[in-house]
Amino acid sequence: MNRTRKLILEWAVAGFLFGLLFPIGSLVVTGITEGWSSVYLHWETPAFWVVNLAPFIFVLVTLVIGAAHAKLSQLQEQTAALAERVAHEWTEEIHDSNVATATAAATRAKFFAALSHDMRTPLTAIMGFAQLAQTDDEMDANMLRELLGDIGQWGSQLLNIVNDLQDATKLEAGAIEMQVEDIDGDEIVENAVTHMRALADEKGLDLLLELQASTAVRADPHRFRQIIINLVSNALKYTDDGWVKVRSYGVGDYVVFEVQDSGAGISEVDMPKVFTAFEQTEAARGRTDSTGLGLPVSLGMAEAMGGKITATSVGNGHGSTFRLVLNAGQGEEPELRMASLVGLAA
């Protein structure tokens, strides 16, 4: 017997016993006042019939009261259980939130500590070259030109770091506006790759181009170019031997821009970190030319344009492939959109 039925039965028994007091009390009072011989005469009167029904009436009443009490007790227990579960879940959520916040804070602290080192390296090099140029009176024009080239290279590297940080800050605040319209994606890709051939030639890499989209793409031209440059420069950066291939092709209502390389590749462990701000993969750690922000920034811009970026790799040493997927142009009017930073640790 469950608890509810037991409680109702207890109330019914109590009502029946209480109801028995009325016929018993009536008989006793009648016997004392009118004599015990008259009890049998009064027993057959209508008044005594009503009194004799008292136990059954009280059973019905107490059954209703018992059922209501049992229901109330059940509701109280359910409310208490719900409150306990909610309190437990809230406690877990607060704990998880605190752990996530602490983890994010630690990640950011680690990132900015590494970033300060990465920024110090080009600054130290620039200051050293500048000091050398000022103090070396015997430096000829060729040596000075070479020195200025080194200063320019380190300055460009430092500028890239600052630009990544600036874009990440704007994206985090949702402050980057983009004019999304129909553009010639192949033309922009070809122009961007042309300007990056010097870097490929310097590393002895083949920079291949296969543009077959032959259709307009829906994007912000400036930010689209920035994403392509970021993907290609990453491929060149992490490829020491072999090739980098840039392709475009249409798939239904979409246009895919693919950057494939034969470089360092991405391990299965590092793959989730690729698009996460303030995280760096194994290949990026220790480099002074990588902030770990370029891909999250690019992804935020791509999603604001209605697209996405995906990454695949067999593993370390087997190269990687990044695909930018955007909507094909449909002749729609230009529209203003706001970009936000994806994968930002809160």
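The structure we're discussing is the one just above.
Residues numbered from 1 in each chain as written. Predicted model: local features only at pLDDT ≥ 70, side-chain atom pairs only at ≥ 80, totals over all residues. Heavy atoms only, no water.

1. Topic: the overall build of the protein chain
Then step 1. The number of helices and strands found in the protein chain is 9 helices and 8 strands.
Then step 2. In the protein chain, of all internal contacts separated by at least 6 residues, the share reaching a separation of at least 24 is 75%.
Then step 3. In the form shown here, the protein chain has an accessible surface area of approximately 20100 Å², with 59% of it arising from carbon and sulfur atoms. (Helix = DSSP H or I, 4+ residues; strand = E, 2+ residues; numbered from the N terminus. Contact = heavy atoms within 4.5 Å. Areas by Shrake-Rupley, 256 points an atom, 1.4 Å probe, with all protein chains shown as cover.)

2. Overview of the side chain of Arg218
Then step 1. Here Arg218 is to be found in strand S3 (residues 217-219).
Then step 2. Arg218 gets classed as buried once you look at its relative accessible area, which sits at 4%.
Then step 3. In this structure the side chain of Arg218 is engaged in a polar contact, spanning 2.4 Å, whose partner is the backbone oxygen of Glu333.
Then step 4. If near-sequence neighbours (up to four positions away) are discounted, Arg218 is found in contact with Val180, Glu181, Asp182, Met305, Leu326, Asn327, Ala328, Gly329, Glu332, Glu333, Pro334 and Glu335. (Buried < 20%, exposed > 50% of the residue type's maximum accessible area, 1.4 Å probe, protein only. Polar contact = N/O pair within 3.5 Å; in protein donor to acceptor, adjacent residues only side chain to side chain.)

3. A short note on the pattern of salt bridges
Then step 1. Under the definition given, this model contains 11 salt bridges.
Then step 2. Residue Glu210 is joined to Arg247 by a salt bridge in which the shortest nitrogen-to-oxygen separation is 3.7 Å. Of this pair, Glu210 sits in strand S2 (residues 206-211) while Arg247 sits in strand S4 (residues 243-251), placing them 37 residues apart in sequence.
Then step 3. With relative accessibility at 25%, the residue Arg247 sits in the partly exposed group.
Then step 4. A salt bridge links Arg247 to Glu258, with the nearest nitrogen and oxygen atoms 2.9 Å apart. Here Glu258 lies in strand S5 (residues 254-261) and Arg247 lies in strand S4, a separation of 11 residues in the sequence.
Then step 5. With relative accessibility at 3%, the residue Glu258 sits in the buried group.
Then step 6. Because the salt bridges share partners, they merge into one network encompassing Asp182, Arg218, Glu332, Glu335 and Arg337. (Salt bridge = Lys/Arg side-chain N within 4 Å of Asp/Glu carboxyl O.)

4. Digging into the pairing of strand S6 (residues 308-312)
One face of the sheet, then the other: side chains in a regular strand alternate in exactly this way.
Then step 1. By the alternation rule, side chains of S6 split into Ile309 and Ala311, which are all buried, and Lys308, Thr310 and Thr312, of which none is buried.
Then step 2. Sheet analysis places S6 next to strand S7 (residues 320-327), joined by 5 bridges and oriented antiparallel. Across the sheet, residue Thr310 finds its bridge partner in S7, namely Arg323. (Pairing = 2+ DSSP bridges.)

5. Regarding the nonpolar core
Then step 1. The biggest cluster of nonpolar side chains holds 44 residues, and the ones touching the most others in it are Phe224, Phe257, Phe322 and Leu324.
Then step 2. Ranked by residues supplied to this core, first place goes to helix H8 (residues 221-237) with 7 residues.
Then step 3. Residue contacts for Phe322: discarding those within four places in its chain leaves Leu231, Phe257, Glu258, Val259, Ile266, Val274, Phe275, Leu295, Ile309, Thr310 and Ala311. (Core = buried A, V, L, I, M, F, W, Y, C linked by side-chain atoms within 4.5 Å.)

6. Structural notes on the sheet that holds S7
Pairing between sheet strands relies on hydrogen bonds along the backbone, with the strands arranged either parallel or antiparallel.
Then step 1. Sheet architecture is open: 5 strands sit in the order S2-S4-S5-S7-S6, paired in mixed fashion. Each end of this open sheet is capped by a strand with a single partner; those strands are S2 and S6. Neighbouring strand axes in the sheet, compared pairwise and without regard to direction, differ in orientation by 15° on average.
Then step 2. The strands touched by helix H9 (residues 294-304) within the sheet are S6 and S7, with S6 carrying the most contacts at an inclination of about 140°. (Axes fitted to C-alpha atoms, helices over the stretch in contact; angles between N-to-C directions.)

7. Here we look at the sheet that holds strand S1 (residues 176-183)
Then step 1. With antiparallel pairing, the 3 strands of this open sheet are ordered in space as S3-S1-S8. With one partner strand each, in any of the chains shown, S3 and strand S8 (335-339) form the two edges of the open sheet. In this sheet, adjacent strand axes meet at a mean angle of 30° when their direction is disregarded.
Then step 2. Across 3 bridges, the pairing between S1 and S3 is antiparallel. Residue pairing for S3: Ile183 is matched across the bridge by Val217.

8. Concerning the packing of H8 against H9
Then step 1. Close contact between H8 and H9 brings their axes to 10 Å; oriented N to C, the two are set at 145°. Where H8 crosses over H9, the handedness of that crossing is left-handed. On H9, the residues touching Arg223, Gln226, Ile227, Asn230, Leu231 and Asn234 of H8 are Gly294, Leu295, Val297, Ser298, Met301 and Ala302.
Then step 2. Looking at the contact of H8 with H9, its residues break down into 6 nonpolar, 5 polar and 1 charged. (Left-handed = near helix turned anticlockwise from the far one by under 90°. Nonpolar A, V, L, I, M, F, W, Y, C, P; charged D, E, K, R; others polar.)

9. As for the pairing of S1
Then step 1. Both S1 and S8 contribute to a ladder of 5 bridges, which runs antiparallel. The residue bridging Met178 from the neighbouring strand is Arg337, located in S8.

10. Examining H9
Because an α-helix packs 3.6 residues into every turn, residues spaced three or four apart end up facing the same way.
Then step 1. Counted residue by residue, H9 has 10 buried out of 11 residues, so it is predominantly covered.
Then step 2. Buried residues of H9: Gly294, Leu295, Pro296, Val297, Ser298, Leu299, Gly300, Met301, Ala302 and Ala304, and no others.
Then step 3. The first or second residue beyond H9 is Gly306, which carries a positive phi of 85°.

11. Quick look at the packing of aromatic side chains
How two aromatic rings sit relative to each other is given by the distance of their centres and the angle of their planes.
Then step 1. Under the definition given, this model contains 2 aromatic pairs.
Then step 2. When the ring of Phe224 is compared with that of Phe257, the centres are 5.0 Å apart and the planes differ by 70°; the resulting orientation is edge-to-face. Note that Phe224 is positioned in helix H8 and Phe257 in strand S5, a separation of 33 residues in sequence.
Then step 3. Ring centres of Phe275 and Phe322 lie 6.3 Å apart, and the angle between their planes is 75°; this geometry places the pair in the edge-to-face category. Of the two residues, Phe275 is situated in the loop between S5 and H9 and Phe322 in strand S7; the sequence distance between them amounts to 47 residues. Neither residue differs from the other here; Phe275 and Phe322 are each classed as buried.
Then step 4. Between Lys245 and the ring centre of Trp243, over which it is positioned, the NZ or CZ distance is 5.8 Å. (Phe/Tyr/Trp six-rings, centres within 6.5 Å; stacked < 30°, edge-to-face > 60°. Lys NZ or Arg CZ within 6 Å of the ring centre and 35° of its normal.)

Keep in mind these values describe shape, not function.
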